[in-house]
Amino acid sequence: MGRGRMIILFFVLVLLLSGCGKENQPTFNSGVNENSSEMRDAIQDEEKDNISSQEDREILDVQQNVEEEKQQLIVAPFLGKLVEKIELPSPIMVMIENSPAARPQIGLEDASIVYEFLVEGGITRFLALFYENFPERVGPVRSTRPYFIQTALEYDATLLHVGASAEGFHLLATSGISHIDQLSNGAYFWRDLNRRAPHNVYTGKSKLGNYLDKLDIKLVDSIFSFKSVSFIDQQRTKEADKLKIRYWGGYTVEYKYDASKGNYLRFIDSVPHLMEGGKKLYADNILVQYVDTNIKDDAGRLEMDLIGTGKALFFKNGYVFEGQWAKEADRVVYNGENGIEWQFNSGQTWIQIVPLSTKIDY
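Residues numbered from 1 in each chain as written. Predicted model: local features only at pLDDT ≥ 70, side-chain atom pairs only at ≥ 80, totals over all residues. Heavy atoms only, no water.

Asker: Where do I start with unusual backbone geometry in this structure?
Answerer: Peptide bonds are trans in most cases, and residues, glycine excluded, mostly fall at negative phi. The omega torsion across arginine 103 and proline 104 is -5 degrees, close enough to zero to call that bond cis. In this fold, proline 104 is placed in the loop between β3 (92-97) and β4 (113-118). At the junction of alanine 197 and proline 198, the peptide bond is cis and its omega measures out at 5 degrees in the coordinates. Structurally, the position occupied by proline 198 is in the loop between β8 (190-191) and β9 (201-202). A positive phi angle, close to 50 degrees, is found at aspartate 156, a residue other than glycine. (Helix = DSSP H or I, 4+ residues; strand = E, 2+ residues; numbered from the N terminus.)

Asker: Where do I start with empty space enclosed by the protein in this structure?
Answerer: Which parts of space are left empty comes out when a probe the size of a water molecule is rolled across the atoms. According to the stated counting rule, one finds 2 cavities of 30 Å³ or more in the structure shown. In this model, the largest cavity occupies a volume close to 50 Å³. What lines the largest cavity is simply Tyr115, Phe117, Thr151, Glu154, Gln289, Leu306, Val332, Tyr334 and Ile353. Breaking the lining of the largest cavity down by element, the ones donating at least two residues are β4 and α3 (146-154). For the lining of the largest cavity, the per-class residue count stands at 6 nonpolar, 2 polar and 1 charged. Taken as a whole, the second largest cavity encloses approximately 40 Å³ of empty space. Forming the boundary of the second largest cavity are Tyr115, Glu154, Tyr155, Ile223, Phe224, Arg331, Val332, Tyr334 and Ile351. (1 Å grid on protein atoms, 1.4 Å probe; cavity = no way out; pocket = protein on both sides within 12 Å on 5 of 7 lines; lining within 4 Å. Points joined across faces, edges and corners; volume = space filled by probe spheres on them. Nonpolar A, V, L, I, M, F, W, Y, C, P; charged D, E, K, R; others polar.)

Asker: What am I meant to see in the side chain of asparagine 98 here?
Answerer: Along the chain, asparagine 98 turns up in the loop between β3 and β4. Asparagine 98 gets classed as buried once you look at its relative accessible area, which sits at 1%. Here the side chain of asparagine 98 touches threonine 124 through a polar contact of 2.8 Å, side chain to side chain. Separated by 3.0 Å, the side chains of asparagine 98 and tyrosine 251 make a polar contact. Apart from the residues within four sequence positions on either side, asparagine 98 is in contact with Arg103, Gln105, Glu116, Thr124, Arg125, Phe126, Tyr251, Ile268 and His273. (Buried < 20%, exposed > 50% of the residue type's maximum accessible area, 1.4 Å probe, protein only. Polar contact = N/O pair within 3.5 Å; in protein donor to acceptor, adjacent residues only side chain to side chain. Contact = heavy atoms within 4.5 Å.)

Asker: Help me out: how do you make sense of the confidence of the model for the protein chain in this one?
Answerer: In low-pLDDT regions, the fine details of the predicted coordinates are not to be read closely. The pLDDT averaged across the protein chain works out to 85; a share of 78% of its residues lies at or above 70. Across residues 7-17 the pLDDT falls below 50, and counting only partners more than four positions away or on other chains, this stretch makes 1 contact in the model. Within the model, the stretch residues 19-32 combines pLDDT values under 50 with 0 contacts to residues more than four positions away or in other chains. (pLDDT = per-residue confidence, 0-100.)

Asker: Just to check I follow, could you spell out the environment of histidine 199 for this structure?
Answerer: Tracing the backbone shows histidine 199 in the loop between β8 and β9. According to the relative accessible area criterion, histidine 199 is buried, its value standing at 17%. Expressed as a C-alpha distance, the spacing of histidine 199 and alanine 102, which sit 97 residues apart in the sequence, is 5.3 Å. If we ignore the near neighbours within four places in the chain, the residues touching histidine 199 are Glu97, Ser99, Ala101, Ala102, Pro140 and Arg142.

This is how it looks when you write it as structure tokens:
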């Protein structure tokens, strides 16, 4: 074979080999792009799964924490709601004065239940129950009367007071009630020298520290039936966004319903009843309990019949319910006209004890 022909055959062979190479050469760029897209999709799906799983875990963690917190909370028997702790080992009730010279008071805003009773002279006095909360300062503290003692016995409470009427001292000695009298146990009280005596006696949590440490823890049951959500049958109830109680002696108490807060602002003689520091008083439930009341001596001291049955009014959510109270054994029960016990809103309750002749506008 000649040299020329060999050169020609060599070029033909090169061309053939080049053509085969192009046909069989793998398209690496195209393959890499396709595989990268699939990988990106897989990675994104995995990331979404991870995010979703993380969110689920966070939600579960929050739910678990809420459940654990609920398990740690305690039902407040006199407030009808969950609280972190109960301040006192057993209930304490304090006699708090309400003469003009005693105002502004302090501590009523922290009470679970507040009773208002008439005393001599056409003025009233408060019996405030503390259990879920107990502030550092409560007062001014004044003397007690038999009907206050009878009420404190319903709660098996320790009664704090400064002296008593003659019959009050007798009932304190014979009833077995736990009580602390400032006249004989002054260490648990103090006098505020910035206020005039006798309207300047106070007590509080720190002052009672040693006494509270000695108290046995009592399991306390709620005396009221609480309901978290109230449904009002408007055909069987009356609207009552205001009420005025005209006590003997020209003293008046008013409550005005605040729909935005769902409770009642309290007034004394047409002005808001303010505590020290200017804090207003609000009631979530208001009971008016009519009792037979009589003047028993020349000093104007009163006696009240707290045993038996009588008329009662119940105010909540801007409505009034008519019914009756009944006490035959340990405590008073408040029922509607249908005989079913009233259900209370959670929060503070004010119980206004009034003579049968008391005029109430609502």
